[in-house]
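Report on the structure
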Amino acid sequence: SYPLYLLHQNIGKALIRRLYMIGSNSWLINVTIAAAAVILLAAALSFLVEQPAMHWIRARWKARMRERGVGARPS
């Protein structure tokens, strides 16, 4: 998903770097934690922000098209 694309590089790398700084030296554990965190954040962003915004935008667009008579079938 697009939120995953947006978040994985910056947040994932920052989280891995932070885990190394606090003493976690296992590459596998650090990557697993970062991947899980980024996937959860991306899912939350998708379900709580992206999808409601998309529904709102589409509803506004459809209402505007109805007001203008665009797409109306002739009687």
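Please read these numbers as outputs of a predicted model, since none were measured by experiment.

1. With respect to the overall build of the protein chain
Across its full length, the protein chain holds two helices and zero strands. Radius of gyration (C-alpha) of the protein chain: 21 Å, far over the 11 Å computed for a compact globule of 75 residues. If you line up the protein chain on its principal axes, its C-alpha atoms span 70 × 15 × 15 Å. Taking all 75 residues of the protein chain together, 13% fall into the buried category.

2. Digging into the environment of Ala44
Mapped onto the elements, Ala44 comes out in helix H2 (residues 27-68). Relative accessible area serves as the criterion here: at 32%, Ala44 is assigned to the partly exposed category.

3. Some thoughts on the environment of Gly23
Tracing the sequence through the fold places Gly23 in the loop between helix H1 (2-21) and H2. Judged by its relative accessible area of 47%, Gly23 falls in the partly exposed class. In the structure, Gly23 is positioned 24 residues away from Phe47 in sequence and 34 Å away in space, judged by C-alpha atoms.

4. Considerations on the packing of H1 against H2
Between H1 and H2, the shortest axis-to-axis distance is 8 Å and the interhelical angle comes to 145°. Every pair of crossing elements has a handedness; the one defined by H1 and H2 is right-handed. Its residues placed into classes, the contact of H1 with H2 shows 19 nonpolar, four polar and one charged.

5. Some remarks on the side chain of Ser46
Topologically, Ser46 is positioned in helix H2. A polar side-chain atom of Ser46 sits 3.4 Å from a polar atom in the side chain of Glu50.

6. Overview of a nonpolar patch on the surface
A cluster of nonpolar side chains, contributed by Leu45, Phe47, Leu48 and Val49, occupies part of the molecular surface with about 410 Å² of accessible area. For Leu48, the position within the fold is in helix H2. Using a relative accessible area of 65% as the deciding quantity, one classes Leu48 as exposed.

7. Focus on H2
In a regular helix each residue adds 1.5 Å, so 42 residues correspond to 62 Å; H2 covers 58 Å between its end C-alpha atoms and thus fits that length. At Ser46, H2 shows its largest kink, close to 40°. Elements that come into contact with the buried residues of H2 comprise H1.

So, how was this worked out
Residues numbered from 1 in each chain as written. Predicted model: local features only at pLDDT ≥ 70, side-chain atom pairs only at ≥ 80, totals over all residues. Heavy atoms only, no water. Helix = DSSP H or I, 4+ residues; strand = E, 2+ residues; numbered from the N terminus. Rg over C-alpha atoms; globule rule 2.2 N^0.38 Å. Buried < 20%, exposed > 50% of the residue type's maximum accessible area, 1.4 Å probe, protein only. Axes fitted to C-alpha atoms, helices over the stretch in contact; angles between N-to-C directions. Left-handed = near helix turned anticlockwise from the far one by under 90°. Nonpolar A, V, L, I, M, F, W, Y, C, P; charged D, E, K, R; others polar. Polar contact = N/O pair within 3.5 Å; in protein donor to acceptor, adjacent residues only side chain to side chain. Patch = residues over 30% accessible without salt bridge, like charges linked within 9 Å, V, L, I, M, F, W, Y side chains within 5 Å. Areas by Shrake-Rupley, 256 points an atom, 1.4 Å probe, with all protein chains shown as cover. Salt bridge = Lys/Arg side-chain N within 4 Å of Asp/Glu carboxyl O. Expected span 1.5 Å × (residues − 1). Bend = angle between axes of the 7 residues up to and from the residue. Contact = heavy atoms within 4.5 Å.

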